[in-house]
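Spelled out from the first residue to the last, the chains are:
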Amino acid sequence: MNETPLSPEEREQGTRFAPVFDPVTGLLTAVVVDAASGAVLVVAHMNRDALAATLASGNVTFWSRSRGRLWMKGETSGNVLKVAEVLVDCDQDALVIRAVPAGPTCHTGATSCFYRRVEQGGEGQPVLVKVKT
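Within any chain, residue numbers begin from 1 and follow the written order of that chain's sequence. The predicted origin of the model limits local features to residues at a pLDDT of at least 70 and limits the giving and counting of side-chain atom pairs to 80 or more, whereas totals for whole chains, interfaces and linings rest on all residues. The basis for every side-chain value is the complete set of heavy atoms in the structure, and neither hydrogens nor water enter the calculation.

Caption draft 1: Highlighting a negative patch on the surface. On the surface, Glu9, Glu10, Glu12, Asp91 and Asp93 cluster together to form a negatively charged patch. With respect to the secondary-structure elements, glutamate 10 resides in helix α1 (residues 8–13). Each patch is built from residues lacking any salt bridge and having more than 30% relative accessible area; the joining distance is 9 Å for like charges and 5 Å for nonpolar side chains (Val, Leu, Ile, Met, Phe, Trp, Tyr). Exposure was quantified through the Shrake-Rupley algorithm and a 1.4 Å probe, taking into account, for residues, occlusion by the shown protein chains and nothing else. Salt bridges are defined by distance alone: a side-chain nitrogen of Lys or Arg within 4 Å of a carboxyl oxygen of Asp or Glu. Positive charge is attributed to Lys and Arg, negative charge to Asp and Glu, and no charge count is given to His or to the chain ends. Charged groups are reduced to one reference atom each: NZ for lysine, CZ for arginine, CG for aspartic acid, CD for glutamic acid. Secondary structure is summarised from DSSP: a helix means a run of H or I of at least four residues, a strand means a run of E of at least two, and numbering begins at the N terminus for each.

Caption draft 2: Layout of the sheet that holds strand β5 (residues 81–88). What makes two strands pair is DSSP finding at least two bridges between them. The 4 strands lie next to each other as β2-β1-β6-β5, forming an open sheet whose pairing is mixed. Strand pairing shows two members of the sheet lacking a second neighbour, β2 (40–46) and β5, which therefore form its edges. Averaged over neighbouring strand pairs, the angle between their axes works out to 25° when direction is ignored. Taken together, the 7 bridges between β5 and strand β6 (residues 94–101) define a ladder with antiparallel strand orientation. Inter-axis angles, ranging from 0 to 180 degrees, are taken between N-to-C directions of lines fitted to C-alpha atoms, where helices are fitted over the stretch in contact.

Caption draft 3: Main features of the pattern of salt bridges. In this structure the tally under the stated criterion is 3 salt bridges. Its salt-bridge partner being arginine 117, residue glutamate 119 comes within 2.8 Å of it at the nearest N-O pair. Residue exposure (1.4 Å probe, protein chains only): buried if accessible area is under 20% of the type maximum, exposed if over 50%, otherwise partly exposed. Glutamate 119 gets classed as partly exposed once you look at its relative accessible area, which sits at 30%. Classification of arginine 117 as partly exposed rests on a relative accessible area of 41%.

Caption draft 4: A look at unusual backbone geometry. Positioned with a positive phi, glutamine 92 is a non-glycine residue whose angle comes to about 60°. Owing to a relative accessible area of 3%, glutamine 92 belongs among the buried residues under this scheme. Look at glutamate 123: it is not a glycine, yet its phi comes out positive at around 60°.

Caption draft 5: Quick peek at the environment of valine 80. Looking at the secondary structure, you find valine 80 in the loop between β4 (69–72) and β5. C-alpha separation for the pair valine 80 and aspartate 22, spaced 58 residues apart in sequence, amounts to 26 Å. By definition, residues are in contact when any of their heavy atoms lie within 4.5 Å. The residues touching valine 80, leaving out its near neighbours within four places in the chain, are Asn59, Met72, Lys73, Gly74, Val100, Pro101 and Ala102.

Caption draft 6: Fine view of the packing of aromatic side chains. Only the six-membered ring of Trp is used, alongside the rings of Phe and Tyr, when aromatic pairs are assigned; centres must lie within 6.5 Å, and planes under 30 degrees apart are stacked while those over 60 apart are edge-to-face, with the rest tilted. For the structure shown, the criterion picks out 1 aromatic pair. Relative to tryptophan 71, the ring of phenylalanine 62 lies with its centre 5.2 Å away and its plane at 40°, an arrangement referred to as tilted. Accessibility expressed as a relative area gives 0% for phenylalanine 62, which makes it buried.

Caption draft 7: Quick look at the side chain of asparagine 79. One can find asparagine 79 in the loop between β4 and β5. Distance and chemistry together define a polar contact, namely a pair of N or O atoms within 3.5 Å, with one atom able to donate a hydrogen and the other to accept it when in protein, and with adjacent residues in sequence counting only for side-chain atoms on both sides. At 3.4 Å, the side chain of asparagine 79 and the backbone oxygen of proline 104 are in polar contact. Not counting residues within four places of it along the chain, the set of residues in contact with asparagine 79 comprises Lys73, Gly74, Ala102, Gly103 and Pro104.

Caption draft 8: A look at the pairing of strand β8 (residues 126–130). Along β8, only 0 of the 5 residues are buried, which leaves the element largely exposed. Direction of pairing for strand β7 (residues 116–120) relative to β8: antiparallel, over a ladder of 5 bridges. When the sheet's bridge partners are listed, arginine 116 is paired in β8 with lysine 130. Counting the residues that bridge the hairpin from β7 to β8 gives 5 residues, and of these glutamate 123 lies at a positive phi of roughly 60°.

Shown next as structure tokens:
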């Protein structure tokens, strides 16, 4: 990935992929959605190496902040996320990855990591309610 700076017009309208990683953490946000349904499966972060591994292998790979290493989604479970399409936002600092899941995405066994909804509970306190995924 070329490091030559882009003008705002080139960044927003051009054809060169020049992702912008956070200057402090070295990460960018990646939202993974199911290629068939459009459901959000997982939101995680990528560093340069994770993005390069994802593009080279076709399997979604993240930077695990808790483990301090690259983490290919499904590396232990076999429930990999196969890349169907990578979309970049106008600033090139966030990605949406359309993927084909090979099983449940969440480590809990849920189809998506987003399996609970926040609702207003008793006494005005928010509570979590499981949703169908």
